[in-house]
Amino acid sequence: MKCYICAEEGKDTDAVAICIVCGMGLCMKHAIREEQDVWEGGYPFPSTKVSKTLPRILCPYCHDAIKRR
Ligand SMILES: [Zn+2]
Ligand SMILES: [Zn+2]
């Protein structure tokens, strides 16, 4: 898979991660790693507590959308 954002810019970069929200492929430069606490409060994720933070990969678009809520 190729990085979607790089593809939009006319570049051809291999994806190293996938956005967990929209599923687009992302290269190292465009993948945004967020820890679990970003999702606290609201999002209907497991009600049981996870003992450690889990990294989640987001694309810049989804990261933006979540930050703006
Ligand atoms: Zn990229
Ligand atoms: Zn996304």
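Residues numbered from 1 in each chain as written. Chains lettered and ligands numbered in written order. Predicted model: local features only at pLDDT ≥ 70, side-chain atom pairs only at ≥ 80, totals over all residues. Heavy atoms only, no water.

Q: Could you give me a rundown of the nonpolar core, with the residues and numbers involved?
A: One finds Cys3, Ile5, Cys6, Cys19, Met24, Leu26, Cys27, Leu58, Cys59, Cys62 and Ile66 forming the largest nonpolar core, which totals eleven residues. Elements represented by at least two residues in this core include exactly α1 (4-8) and α2 (60-68). (Core = buried A, V, L, I, M, F, W, Y, C linked by side-chain atoms within 4.5 Å. Buried < 20%, exposed > 50% of the residue type's maximum accessible area, 1.4 Å probe, protein only. Helix = DSSP H or I, 4+ residues; strand = E, 2+ residues; numbered from the N terminus.)

Q: Kindly report on the side chain of His30, identifying the contributing residues and their values.
A: Mapped onto the secondary structure, His30 falls in the loop between β2 (25-26) and β3 (32-34). For His30, a relative accessible area of 10% translates into the label buried. Contact partners of His30, with chain neighbours within four places excluded, come to Cys3, Ile5, Cys6, Glu9, Leu58, Cys59 and Pro60. (Contact = heavy atoms within 4.5 Å.)

Q: For the coordination of the zinc ion (ligand 1), give the residues involved together with the corresponding values.
A: Those protein atoms acting as donors to the zinc ion (ligand 1) are Cys3 (SG), Cys6 (SG), Cys27 (SG) and His30 (ND1), and they sit at 2.0 to 2.3 Å. On the primary sequence, the residues serving as donors to the zinc ion (ligand 1) are separated as C-x2-C-x20-C-x2-H. Within this pair, whereas Cys3 is found in the segment before α1, its partner His30 is found in the loop between β2 and β3, the two being separated by 27 residues in sequence. The pair formed by Cys3 and His30 is uniform in burial state, with each residue classed as buried. (Donors = N, O, S within 2.8 Å, 3.2 Å for Na, K, Ca; no water.)

Q: I'd love a proper account of the coordination of the zinc ion (ligand 2), names of residues and values included.
A: Taken together, the protein ligands of the zinc ion (ligand 2) are Cys19 (SG), Cys22 (SG), Cys59 (SG) and Cys62 (SG), with distances of 2.3 Å. Because the angles between the four donor atoms bound to the zinc ion (ligand 2) fall within 101 to 116°, the donor set is best described as tetrahedral. In the primary structure, the donors to the zinc ion (ligand 2) are separated according to the pattern C-x2-C-x36-C-x2-C. Of the two residues, Cys19 is situated in the loop between β1 (17-18) and β2 and Cys59 in the loop between β4 (56-58) and α2; the sequence distance between them amounts to 40 residues. The class of Cys19 is buried, set by a relative accessible area of 2%. The buried category is assigned to Cys59, whose relative accessible area is 0%. (Tetrahedral: all angles 85-135°; square planar, octahedral: opposite > 155°, others 65-115°.)

Q: Quick one: what's the story with the environment of Thr13, residue by residue and with numbers?
A: If you trace the backbone, Thr13 turns up in the loop between α1 and β1. For the pair Thr13 and Gly25, spaced twelve residues apart in sequence, the C-alpha separation works out to 9.9 Å. Dropping the residues within four chain positions of it, Thr13 is found in contact with Lys2, Cys3, Cys6 and Cys27.

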